[in-house]
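Residues per chain are reported as follows:
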Amino acid sequence: MTRFLFSAFAILLVPLAACTQSYDSTLQADVRVEENIPVAAVLVFAEWCPSCKVLDPKVEAARTMLEDDAASFVVLDYTDRDADAFFAQADAAGVGEPVRALFADGVKTGQLLLIDVENQSVIDTITRQASIEDIRERIVATQP
C-alpha cells in the first residue's frame with residue numbers, strides 16, 4: 001500500500017517538475033533601445049515564470065513578422081528576483097523611467113510592455129493570452 005501511495009504521489013509531481021524547469025528566452029533582443037525607433041517592446045521575463053514560457057515564443061514569432069524598425073525588442077530578466085538588478089537593466093536599456101513607475105509596488109513577469117521611448121510611457125501591456133497576430137497588430141498600431 002505504501003509503495004502504491006508513493007508511486008501515485010510521484011506521478012502527481014511530474015507536471016510540477018516540468019513547470020519548474022529553467023527556460024531561456026528565445027526572443028532575439030537588443031541590450032538597449034535602438035536610436036530612431038520610437039517604440040520599445042520590453043519583455044519582462046524570468047526563467048521560472050510559466051506565463052513567460054507561453055508569451056516568449058509568441059513575441060519572437062511576432063517579431064519575425066515585423067519590419068526591423070517596428071520596435072526595439074528588449075528582454076529584462078527577473079529570474080534572480082533582484083529588483084535592483086532588474087531596474088539597472090531597464091535603465092541601461094533606456095526604459096528605466098516607465099518600468100520603475102509601472103513596477104513601483106513589485107515586478108510582475110510575463111508581460112510585454114510597449115513603451116513610447118520619447119515620452120517614456122507605457123502604451124500597452126500584452127500578456128500570454130494574446131495571439132501572435134494580436135501581438136504583431138498591437139505593435140503595428142503604435143507606429144506613427
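Definitions and limits used
Residues numbered from 1 in each chain as written. Predicted model: local features only at pLDDT ≥ 70, side-chain atom pairs only at ≥ 80, totals over all residues. Heavy atoms only, no water. Patch = residues over 30% accessible without salt bridge, like charges linked within 9 Å, V, L, I, M, F, W, Y side chains within 5 Å. Areas by Shrake-Rupley, 256 points an atom, 1.4 Å probe, with all protein chains shown as cover. Salt bridge = Lys/Arg side-chain N within 4 Å of Asp/Glu carboxyl O. Lys, Arg positive; Asp, Glu negative; His and termini not counted. Charge placed at Lys NZ, Arg CZ, Asp CG, Glu CD. Helix = DSSP H or I, 4+ residues; strand = E, 2+ residues; numbered from the N terminus. Pairing = 2+ DSSP bridges. Axes fitted to C-alpha atoms, helices over the stretch in contact; angles between N-to-C directions. Contact = heavy atoms within 4.5 Å. Phe/Tyr/Trp six-rings, centres within 6.5 Å; stacked < 30°, edge-to-face > 60°. Buried < 20%, exposed > 50% of the residue type's maximum accessible area, 1.4 Å probe, protein only. Lys NZ or Arg CZ within 6 Å of the ring centre and 35° of its normal. Expected span 1.5 Å × (residues − 1).

(A) Looking closely at a negative patch on the surface. A cluster of like negative charges, contributed by D24, D77, D80, D82 and D84, occupies part of the molecular surface. Relative to the elements of secondary structure, D24 occurs in the loop between α1 (2–20) and β1 (39–45).

(B) Examining the sheet that holds strand β4 (residues 121–126) more closely. Pairing is mixed in the open sheet, where four strands are placed in the order β2-β1-β3-β4. The sheet is open, and its two edges are formed by β2 (72–77) and β4, each paired on a single side. If you compare each strand with its neighbour and ignore which way they point, the axes differ by 25° on average. In terms of strand pairing, strand β3 (residues 111–116) meets β4 through five bridges, oriented antiparallel. The residue of β4 that forms the bridge with D116 is S121. Along the sheet face, helix α3 (residues 83–93) touches β1 and β2 and points at about 160° away from the line of β2. Where helix α5 (residues 132–140) meets the sheet, it contacts β1, β2, β3 and β4, and its direction lies at approximately 165° from that of β4.

(C) How the structure looks around the packing of aromatic side chains. The final tally for this structure, using the stated rule, is three aromatic pairs. Both rings, one in Y78 and one in F86, keep their centres 5.5 Å apart while their planes meet at 75°; by these two values the pair is edge-to-face. Each member of the pair Y78 and F86 is classed as buried. Relative to F87, the ring of F86 lies with its centre 5.4 Å away and its plane at 70°, an arrangement referred to as edge-to-face. Pair check on accessibility: F86 and F87 agree, each one buried. One aromatic cluster is present, formed by Y78, F86, F87 and F103 through successive ring pairs. Over the ring of W48 we find R81; its NZ or CZ atom is 3.8 Å from the centre of that ring.

(D) Up close: helix α2 (residues 50–64). For α2, built from 15 residues, the straight-helix expectation of 21 Å at 1.5 Å per residue is met to within 8% by its first-to-last C-alpha distance of 23 Å. All of the buried residues along α2 are C52, L55, D56, V59, E60 and A62. Buried residues along α2 sit against β1, β2, β3, β4 and α5.

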